[in-house]
Amino acid sequence: MSANVGQERAYAKINLSLDVLGKREDGYHELSMVMETVDLADTLTFKHEGAGLRVESQISFLPTDRTNLAVAAALAFQKATGRAVEPLIIEMDKRIPVCAGTAGGSSDAAATLRYLNQVTGANLSLQALQAIGETIGSDIPYCLMGGTALAEGRGERLTALPPLPKCAVVLCKPNFPISTGMLFGELDRCKIRRRPDTTGILAALEAGDLQGVARRLYNVFEDVLQPRQKRTVEGIKNTLVGEGALGAAMTGTGPTVFGLFDDETLAQNAYKTLAEDYPSTFLCHTL
Ligand code: C5P
């Protein structure tokens, strides 16, 4: 690779739990989420050529300008550090599904910040980089950190947790889009009937108990989906568990559903079964 080109991998995340504790005065919601990084990843190639700053990818509908979180992050980095980042083409080989609750856009932004921090010689601390990321999106600070973590506040207050024991993860994105803003709005209108047992998940992580984590997977957004969406999500969860997943849940604001497996063959079979109906199905592993 020439000196004028750099590369970073941007990993997807799943929510082992997602709880919404209330609405804040700034319009955001107070969250409590246990996050986990998986090895499904986009590859970002940074080319210092052309003019300006833009994204290129194989996905026709992916924004290429500052409405892409990676471009927004690069501009925020430039503003915060005074280091010029242009000209820059961010070439994305997208593997993480788009608008799927798996933090693909946030992870691309985090990878861009990591790369620029190193290539410009700014050498900001992780905390300083997270502070820039937070101005662009609530999941970016976590994506900069990665691993197993408790995310609170807007999602930016992070505590590293004992790692989830290694396991296979089958991800399956149903064929309908979900609007994050609308789903938060839906949650504001109704009473949350079931919440994840976050304390139980933290204790299971402490004990290295994969099954204990897996049987507690839950996301409050599952309960506010439209009836048809809910049926689809429940159907995928049932398939995953029927194929031997230790537990299954929706991640983020969805619609992607995932299952955790301690048996590789069972995970492969579940992957094959779901891929017949859902083209956006992936078999990956915790990182
Ligand atoms: O921060 P980010 O741009 O990723 O958030 C997208 C949307 O999700 C926000 O505009 C808001 O509607 C909602 N959100 C929220 N509370 C959070 C995080 C996100 O209400 N803690």
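None of the values given here were measured: they were computed from a predicted structure.

S.K.: Hey, could you go over the overall build of the protein chain for me, with residue numbers and the actual values?
M.R.: Scanning the protein chain from N- to C-terminus turns up 9 helices and 11 strands. Each principal axis of the C-alpha distribution contributes one length, and for the protein chain these read about 50 × 45 × 35 Å. The buried share of the protein chain, taken over its 287 residues, is 52%. Long-range contacts, defined here as pairs at least 24 residues apart, represent 73% of the contacts in the protein chain between residues at least 6 apart. The protein chain carries 28 positive and 33 negative side-chain charges, and their two centres are separated by 4 Å.

S.K.: Before we move on, can you summarise the site of the ligand with the specific residues and values?
M.R.: All residues in the neighbourhood of the ligand are listed as Gly 27, Tyr 28, His 29, Leu 31, Gly 137, Ser 138, Arg 154, Thr 180 and Phe 184. A distance of 2.5 Å separates an oxygen atom of the ligand from a polar atom in the side chain of Ser 138. A distance of 3.0 Å separates a nitrogen atom of the ligand from a polar atom in the backbone of Arg 154. Elements with a minimum of two residues in the shell around the ligand: strand 2 (29–47) and helix 5 (180–189).

S.K.: Summarise the pattern of salt bridges; cite the residues concerned and give the values.
M.R.: Under the criterion given, the structure shown has 17 salt bridges. Measuring nitrogen to oxygen at the nearest pair gives 3.2 Å for the salt bridge that ties Arg 189 to Glu 186. On the criterion of helical spacing, the pair formed by Arg 189 and Glu 186 is a turn pair, its members being 3 residues apart in helix 5. The exposed category is assigned to Arg 189, whose relative accessible area is 61%. The closest approach of N and O atoms between Lys 230 and Asp 223, which form a salt bridge, is 3.0 Å. A relative accessible area of 22% places Asp 223 in the partly exposed class. A cluster of three or more residues bridged by salt bridges with shared partners is formed by Arg 24, Asp 26, Glu 30 and Arg 157.

S.K.: Can you tell me about the sheet that holds strand 11 (residues 281–285), naming the residues and giving the values?
M.R.: As summarised here, the arrangement of the 4 strands in space is 9-10-7-11, forming an open sheet in which the pairing is antiparallel. In the strand order of this sheet, the two ends are held by strand 9 (247–250) and strand 11, each with one partner. Put simply, the sheet's adjacent strands are angled 20° from each other on average, direction ignored. Bridge analysis of strand 9 against strand 10 (residues 257–261) gives 4 bridges, and the strand direction is antiparallel. Looking across to strand 10, one finds that Gly 247 is bridged to Leu 260.

S.K.: Kindly report on the environment of Ala 168, identifying the contributing residues and their values.
M.R.: Within the fold, Ala 168 resides in strand 7 (residues 168–172). Placed 117 residues apart in sequence, Ala 168 and His 285 show a C-alpha to C-alpha distance of 4.4 Å. Setting aside residues up to four positions removed in sequence, Ala 168 forms contacts with Gly 259, Leu 260, Phe 261, Glu 264, Ala 267, Leu 283, Cys 284 and His 285.

S.K.: Which residues make up helix 6 (residues 198–206), and what values go with them?
M.R.: Listed in full, the buried residues belonging to helix 6 are Thr 198, Gly 200, Ile 201, Ala 204 and Leu 205. For helix 6, the buried positions fall inside an angular range of 160° around the axis, keeping them on one side. Along helix 6, the residues that are exposed and aim more than 90 degrees away from the buried face are Thr 199 and Glu 206. The secondary structure elements touched by the buried residues of helix 6 are strand 1 (5–23), strand 2, strand 5 (149–153) and helix 7 (210–214).

S.K.: Please give an account of the nonpolar core that cites residues and values.
M.R.: Within soluble globular proteins, side chains that are nonpolar tend to cluster in buried spots. Within the largest apolar cluster, 65 residues are counted, with the highest numbers of intra-cluster contacts made by Val 20, Phe 77, Ile 90, Leu 113, Phe 221, Leu 240 and Phe 261. Ignoring anything within four residues of it in the chain, the contact list for Leu 240 reads Val 170, Ala 245, Ala 248, Val 257, Phe 258, Gly 259, Phe 261, Ala 270 and Leu 274. Ile 14, Leu 16, Leu 217 and Cys 284 belong to the second-largest nonpolar core, a separate cluster that totals 25 residues.

S.K.: Describe the pairing of strand 2, and please don't skip the residues or the numbers.
M.R.: Burial analysis of strand 2 places 16 of its 19 residues in the buried class, which makes it a mostly covered element. Here strand 1 pairs with strand 2 via 16 bridges, running antiparallel. From the neighbouring strand, Leu 18 faces strand 2, where its bridge partner is Met 33. As consecutive antiparallel partners, strand 1 and strand 2 are separated by 5 residues, and within that stretch Gly 27 has a phi angle of approximately 95°, a positive value. Judged from the 5 bridges that link them, strand 2 and strand 5 form a sheet pairing that is antiparallel. Residue pairing for strand 5: Met 33 is matched across the bridge by Ala 151. Note: strand 2 against strand 4 (residues 88–93), 5 bridges, orientation antiparallel.

The rules we used
- Residues numbered from 1 in each chain as written.
- Predicted model: local features only at pLDDT ≥ 70, side-chain atom pairs only at ≥ 80, totals over all residues.
- Heavy atoms only, no water.
- Helix = DSSP H or I, 4+ residues; strand = E, 2+ residues; numbered from the N terminus.
- Buried < 20%, exposed > 50% of the residue type's maximum accessible area, 1.4 Å probe, protein only.
- Contact = heavy atoms within 4.5 Å.
- Lys, Arg positive; Asp, Glu negative; His and termini not counted.
- Charge placed at Lys NZ, Arg CZ, Asp CG, Glu CD.
- Near = heavy atom within 4 Å.
- Polar contact = N/O pair within 3.5 Å; in protein donor to acceptor, adjacent residues only side chain to side chain.
- Salt bridge = Lys/Arg side-chain N within 4 Å of Asp/Glu carboxyl O.
- Pairing = 2+ DSSP bridges.
- Axes fitted to C-alpha atoms, helices over the stretch in contact; angles between N-to-C directions.
- Arc of directions from axis to C-beta.
- Core = buried A, V, L, I, M, F, W, Y, C linked by side-chain atoms within 4.5 Å.

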